[in-house]
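Listed here are the chains, written in short residue letters.
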Amino acid sequence: VQLQASGGGLVQAGGSLRLSCAVSGPTFSSYGMGWFRQAPGKEREFVATISWSGDSTYYADSVKGRFTISRDNAKNTVYLQMNSLKPEDTAVYYCAAKITGWASTAPDDFGSWGQGTLVTVSS
């Protein structure tokens, strides 16, 4: 499984970005997917996750109400819509895939990771 994240960039506080993660392989529709982020000098942290069907989603408290995770199984792509961005959202954002289809907040549950895309939010 290969994952390619894109959509990062520089945005002012209060702005929006949409990250995309394209996933190779014929069984994307069976994967649970997640977004994680790592800020400079900090540990990688959970952001959002979605089940194989899209019926179940979970968010970190810090992004709840501002970020939305979604997926298009026909396009083998998962998205992260980020609104009302704050400087503390600045980080490298990683998408990840897990073979079992349930959503998960634990990084260790995810066996495949993308290369990351940098999001910088200026104040």
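The structure reproduced in this document is the subject of the present report. Keep in mind the model is a prediction, meaning the values are calculated, not measured. (Residues numbered from 1 in each chain as written. Predicted model: local features only at pLDDT ≥ 70, side-chain atom pairs only at ≥ 80, totals over all residues. Heavy atoms only, no water.)

Thoughts on the pairing of strand 9 (residues 91–98)
- Strand 9 sits mainly inside the fold: seven of its eight residues count as buried.
- Inspection of the sheet shows strand 4 (residues 32–38) paired to strand 9 by seven bridges, in the antiparallel sense. Its bridge partner lying in strand 9, Gly 34 is registered against Ala 96.
- Pairing analysis gives three bridges linking strand 9 to strand 11 (residues 117–122), with the strands arranged antiparallel. In the strand pairing of strand 11, Tyr 93 is matched with Thr 117. (Buried < 20%, exposed > 50% of the residue type's maximum accessible area, 1.4 Å probe, protein only. Helix = DSSP H or I, 4+ residues; strand = E, 2+ residues; numbered from the N terminus. Pairing = 2+ DSSP bridges.)

Considering the packing of aromatic side chains
- Enumeration according to the criterion identifies four aromatic pairs in this entry.
- When the ring of Phe 36 is compared with that of Phe 110, the centres are 5.3 Å apart and the planes differ by 75°; the resulting orientation is edge-to-face. With Phe 36 in strand 4 and Phe 110 in the loop between strand 9 and strand 10 (112–113), the pair connects residues that are 74 residues apart, well separated along the chain.
- For Phe 110, a relative accessible area of 5% gives the class buried.
- Overall, Phe 36 belongs to the buried group, its relative accessible area being 0%.
- Through a chain of ring-to-ring contacts, the aromatic side chains of Phe 36, Phe 46, Phe 110 and Trp 113 assemble into a single cluster. (Phe/Tyr/Trp six-rings, centres within 6.5 Å; stacked < 30°, edge-to-face > 60°.)

A word on the sheet that holds strand 1 (residues 3–6)
- The four strands lie next to each other as 1-3-8-7, forming an open sheet whose pairing is antiparallel. Two strands lie at the open edges of the sheet, namely strand 1 and strand 7 (67–72), each paired on one side alone. Within this sheet the neighbouring strands show an average axis-to-axis angle of 15°, counted without direction.
- Inspection of the sheet shows strand 3 (residues 17–23) paired to strand 8 (residues 77–82) by six bridges, in the antiparallel sense. Bridge pairing in strand 8 places Leu 19 opposite Leu 80. (Axes fitted to C-alpha atoms, helices over the stretch in contact; angles between N-to-C directions.)

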